[in-house]
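Spelled out, the chains give:
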Amino acid sequence: MQLVDNNTFLQQLGALFESTKDKGTIWLTHKRLNHDGDDTVMKEEDGSDGSREYPCIVRVTDGKKAKFSTKISSIDLDKFHSAYGALLKASMTTLRKRDKKREKQRAEQVAKKKQRMADPVVIDGPKRGNRRRKRQRQVKAALKHADMKERAAKREETRTKQ
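Asker: Account for the side chain of Q138, naming residues and giving values.
Answerer: Structurally, Q138 can be placed in helix 4 (residues 132–161). With relative accessibility at 14%, the residue Q138 sits in the buried group. There is a polar contact of 3.0 Å between the side chain of Q138 and the backbone nitrogen of D124.

Asker: Provide a residue-level description of the pairing of strand 4 (residues 67–72), including the pertinent values.
Answerer: Direction of pairing for strand 1 (residues 2–4) relative to strand 4: parallel, over a ladder of three bridges. Directly across from V4, in strand 4, lies its bridge partner T70. Sheet topology places strand 3 (residues 56–61) next to strand 4; six bridges connect them, and they run antiparallel. Its bridge partner lying in strand 4, V58 is registered against T70. Counting the residues between successive antiparallel strands, the hairpin from strand 3 to strand 4 contains five residues, one of them, G63, with a positive phi of roughly 85°.

Asker: For the sheet that holds strand 3, give the residues involved together with the corresponding values.
Answerer: Overall, mixed pairing links the four strands, which are arranged 1-4-3-2 in an open sheet. In this open sheet, the two strands that pair with only one neighbour each are strand 1 and strand 2 (27–32). Here the strands of the sheet are splayed against their neighbours by 25° on average, with no regard to which way each runs. Sitting on the sheet, helix 1 (residues 6–19) is in contact with strand 1, strand 2, strand 3 and strand 4, with an inclination near 145° to strand 4.

Asker: Residues and numbers for a nonpolar patch on the surface, please.
Answerer: On the surface, V121, I123, V139 and L143 cluster together to form a nonpolar patch covering roughly 310 Å² of accessible area. If you trace the backbone, V121 turns up in the loop between helix 3 (100–118) and helix 4. Judged by its relative accessible area of 34%, V121 is partly exposed.

Asker: Requested: an account of the environment of R128, with residues and values cited.
Answerer: Of note, R128 is situated in the loop between helix 3 and helix 4. Each C-alpha atom of the pair R128 and M1 lies 75 Å from the other, and the pair is 127 residues apart in sequence.

How each quantity is defined
Residues numbered from 1 in each chain as written. Predicted model: local features only at pLDDT ≥ 70, side-chain atom pairs only at ≥ 80, totals over all residues. Heavy atoms only, no water. Helix = DSSP H or I, 4+ residues; strand = E, 2+ residues; numbered from the N terminus. Buried < 20%, exposed > 50% of the residue type's maximum accessible area, 1.4 Å probe, protein only. Polar contact = N/O pair within 3.5 Å; in protein donor to acceptor, adjacent residues only side chain to side chain. Pairing = 2+ DSSP bridges. Axes fitted to C-alpha atoms, helices over the stretch in contact; angles between N-to-C directions. Contact = heavy atoms within 4.5 Å. Patch = residues over 30% accessible without salt bridge, like charges linked within 9 Å, V, L, I, M, F, W, Y side chains within 5 Å. Areas by Shrake-Rupley, 256 points an atom, 1.4 Å probe, with all protein chains shown as cover. Salt bridge = Lys/Arg side-chain N within 4 Å of Asp/Glu carboxyl O.

As C-alpha cells, then:
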C-alpha cells in the first residue's frame, strides 16, 4: 500500500471516483493510528493523564490495483475532513437509489408470513374415504405450523434474555 501526503491522497481519490463512475466499488477505512514501532504499552508509567494525540490513517482500495493511504495529524484533521467531505459529497451523485419497491415486497412477505403463523390451520374432512389425502396434508401442515410457532417463541425468548 502506497502512503501519500494528504493533497495527493485527495487527488488520487477523486480520480478513483471518476474511474468507477459507471461501475465499480471503492472501500474507505478511517482508523486511529497508535503504533509507535515499539511494543505498545496500555498504561503510561510516567503518570500522564493519557491525553496523547494520535494521528489518523485513511485507506482506499478498489479491490484490484488501486491501494493508497494517507496519515493525518490531529492538527490537520479539520482541514482534511472538510476537503474529504466535499469530495465525498461530490462523488455521491453516482450512487444508485434504494429499490423501495423490492423493500415493500419483502415487508409484505414478512407480514403475510406472520399472519399465517397467527391463523390456525383448519382440519376438516373425513378420516377415511374420499378426500382422505387432503385431511392428511392438513394434519401435517398443522403439525408443521405448531413446530414453527414453538421455534418462533424460543427465538423471542432468547432475544428478550439478551
